[in-house]
Amino acid sequence: MHKIDIDLVEMTMDVMKYAIDRISATKREIGKPKKESELRALVGETITEKGVGGEYAFNLWKQHLIKANVPADHPRNLAFVPAAPTRAAVMFDLVTSASSIHGAYWMEGAGGIFCENEAMKWIVSLTGLPEGAFGVFTSGGTAANLSAIVTAREYWRSLNDKNKVEKGLIITSIGAHSSIKAMAKVVDVDVLLVNSEERLETKNLQKTIDNLTEHQRQRLFAVVATGGTTNAGIIDDLDGIATICEKEKLWYHVDAAYGGGALAADSVRHLFNGIEKADSITIDPHKWMFSPYDCGAIIYKDMELAKKAHSQEGSYLDIFKDEGAHGFNPTDYQIQLTRRVRGLPLWFSLATHGTNRYKEAVERGIELANIAGKMIEENPNVELVRAPSLSCVLFRRKGWKPEDYTHWTYENHKKGFALVTPTKWKKGDAFETVSRFCFINPDTTEKDIEMILDSMV
Ligand SMILES: *Cc1c(COP(=O)(O)O)cnc(C)c1O
């Protein structure tokens, strides 16, 4: 199975050609979703005792399976948070796989981890965190948020024996990403939500803290602010929240999984003032830093606290901690042990293009959101729900009911034209169904936006 023969060489050429074609293509197709049963009917059984053969399986992939996917980097994929990995990064993702590097410990992955750390230095420098702050790449924002909550909770428990038997409590707003609530479940801590999807301000936060019962106040150990809400691109009052956390002695986590890329953009950097006072920050390079999936990052002000929470012990692991194996061990700072060096594609892309290009590409996303905002204001069929924020635009089609948005989404998807999905926006106590653009891809054009708006008939 592991031998080198002529079949393998031919297969490698085919696969490489496919990858080269995909990387150099300027046109992408939005695949049509198919039911599981439809896909099964097309490809049949593929996992058999004898195997169906690489050539056959690869043809199934090219003819049927790839066509049932929506590439995240299609310029008219403006749903959720899309992606736009650079060609250099995608290319180096292949190199990363081919190099078989175990990225948990320096002893095995020094060269790869060195490169990851070079990229991480740049990301940390964008945050303005003090000397000593650093981070590691994770599988995504969810894993980064989980790693941060665990670190915060362990730190809180280390402060006072009474906390060891208490269930922790964190405060965030309803604008926070779903992963905060999901990961709080994993850690078994309660979440108190400030009931506004608009910018989380100090007044609201302080009031929430002041209204806690004495027991709740004892259990409260962290506040999670959002640096660019996923739904609307809203940045909480990061500086004001920092002051409250300092006064109340609470861990301060900023979830900038989506918005973190905008730290590189001079036009909006001031909106993040105060992020440099955080105890931990989540940023997803696979969102707005043009990395391929999957690549998140968790950054800590004090790396030692993360190490206390996450470092794994085992007789088989002792050698990694030996002086002779000296170096930075990414596994010590997040939940994963074995990991690919997933920051490597970002390193290669940054090294290739330089950080100025990153700045320009992020600025383009913000510019596209503003252009879309203007086009919406000038189009009599649609109107803005709120002003564009970062690269998110919420807008409504006048007179449309929720099912009209859903139908429109499916129609555009089925035609292979665009992927733009509905969302909800909280107005008072009610939720209104609206549409939303999120711009990441600098290849999206004004014409793309115009065509999408024109399809809302
Ligand atoms: C996307 C997102 C997450 C989750 O990140 P994944 O990489 O999908 O795990 C968390 N927080 C925010 C604000 C996000 O936008």
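Just so we're clear, the structure is a prediction, and the values are computed from it rather than from any experiment.

Draft legend 1. View of the environment of Leu8. Position of Leu8 among the secondary structure elements: in helix H1 (residues 6-24). Considering only alpha carbons, one finds Leu8 and Glu55, 47 residues apart in sequence, at a separation of 10.0 Å.

Draft legend 2. Examining the domain arrangement of the protein chain more closely. We note that the domain assignment places domain 1 (2-30 + 34-69), domain 2 (93-353) and domain 3 (355-454) within the protein chain. Measuring from the centre of the C-alpha atoms in domain 1 to the corresponding centre in domain 3 gives 34 Å.

Draft legend 3. Region of the structure containing the pattern of salt bridges. Inspection of every chain in the model, using the stated rule, returns 31 salt bridges. Arg340 is the salt-bridge partner of Asp93, the closest N and O atoms lying 2.8 Å from each other. With a gap of 247 residues between them, Asp93 in helix H4 (residues 87-99) and Arg340 in the loop between helix H13 (318-321) and helix H14 (344-353) connect regions that are remote in the sequence. Judged by relative accessible area, which is 29%, Arg340 ranks as partly exposed. One salt bridge in this structure joins Lys167 and Asp190, with 3.3 Å as the shortest N-O distance. Taken together, the positions of Lys167 in the loop between helix H6 (141-159) and strand S2 (169-173) and Asp190 in strand S3 (residues 190-194) put the pair 23 residues apart, joining distant regions of the chain. Look at Asp190 and you get partly exposed, because its relative accessible area is 29%. Salt bridges sharing partners connect three or more residues here, namely Lys167, Asp188, Asp190 and Arg219.

Draft legend 4. Representation of the packing of H1 against helix H3 (residues 54-65) within the structure. One way to put it is that H1 packs onto H3 with a least axis distance of 11 Å and a crossing angle of 15°. Between H1 and H3, the angle is such that the two are roughly parallel. Crossing of H1 over H3 shows left-handed handedness. Contact with H1, carried on its side by Met11, Asp14, Val15 and Tyr18, involves Gly54, Glu55, Phe58, Trp61 and Lys62 of H3 and no other residues of that element. Of the residues belonging to the contact of H1 with H3, the class tally is five nonpolar, one polar and three charged.

Draft legend 5. A look at the sheet that holds strand S5 (residues 251-256). Ordered in space as S1-S7-S6-S5-S4-S2-S3, the seven strands form an open sheet in which the pairing is mixed. Single-partner strands in this sheet number two, and they are strand S1 (134-138) and S3. The sheet shows a mean angle of 20° between the axes of neighbouring strands, direction not considered. Here S2 pairs with strand S4 (residues 220-226) via three bridges, running parallel. When the bridges of S4 are listed, Ile171 appears paired with Val223. With respect to the sheet, helix H10 (residues 238-248) is in contact with S4 and S5, its orientation differing from that of S5 by roughly 160°. Seen against the sheet, helix H12 (residues 303-310) touches S1, S5 and strand S7 (296-300) and runs at an angle of roughly 115° to S7.

Rules of the game
The residue numbers shown here count from 1 along each chain, following its written sequence. At least 70 in pLDDT is required for a residue's local features to be given in this predicted model, at least 80 for side-chain atom pairs to be given and counted, and no such filter applies to totals for whole chains, interfaces and linings, which use all residues. For the side-chain quantities, the full set of heavy atoms in the structure was used; hydrogens and water were omitted. Counting from the N terminus, the helices are DSSP H or I runs at least four residues long and the strands are E runs at least two residues long. Boundaries between domains were set according to an automatic or database domain assignment. A side-chain nitrogen of Lys or Arg and a carboxyl oxygen of Asp or Glu constitute a salt bridge if their distance falls within 4 Å. Note on exposure labels: buried denotes an accessible area under 20% of the residue type's maximum, exposed denotes more than 50%, and partly exposed covers the range between, all computed with a 1.4 Å probe on protein chains only. Only C-alpha atoms enter the line fits that serve as axes; for helices the fit covers just the stretch in contact. Angles between N-to-C directions range over 0 to 180 degrees. We call two directions roughly parallel when the angle between them is under 35 degrees, roughly antiparallel when it is over 145, roughly perpendicular when it lies between 65 and 115, and oblique otherwise. Should the near helix be turned anticlockwise from the far one by less than a right angle, the crossing is left-handed, and should it be turned clockwise, the crossing is right-handed. By definition in these notes, contact holds between two residues if any of their heavy atoms fall within 4.5 Å. Residue polarity is assigned by list, with Asp, Glu, Lys and Arg as charged and Ala, Val, Leu, Ile, Met, Phe, Trp, Tyr, Cys and Pro as nonpolar; anything else, Gly included, falls into the polar class. For two strands to be treated as a pair, DSSP must find no fewer than two bridges joining them.

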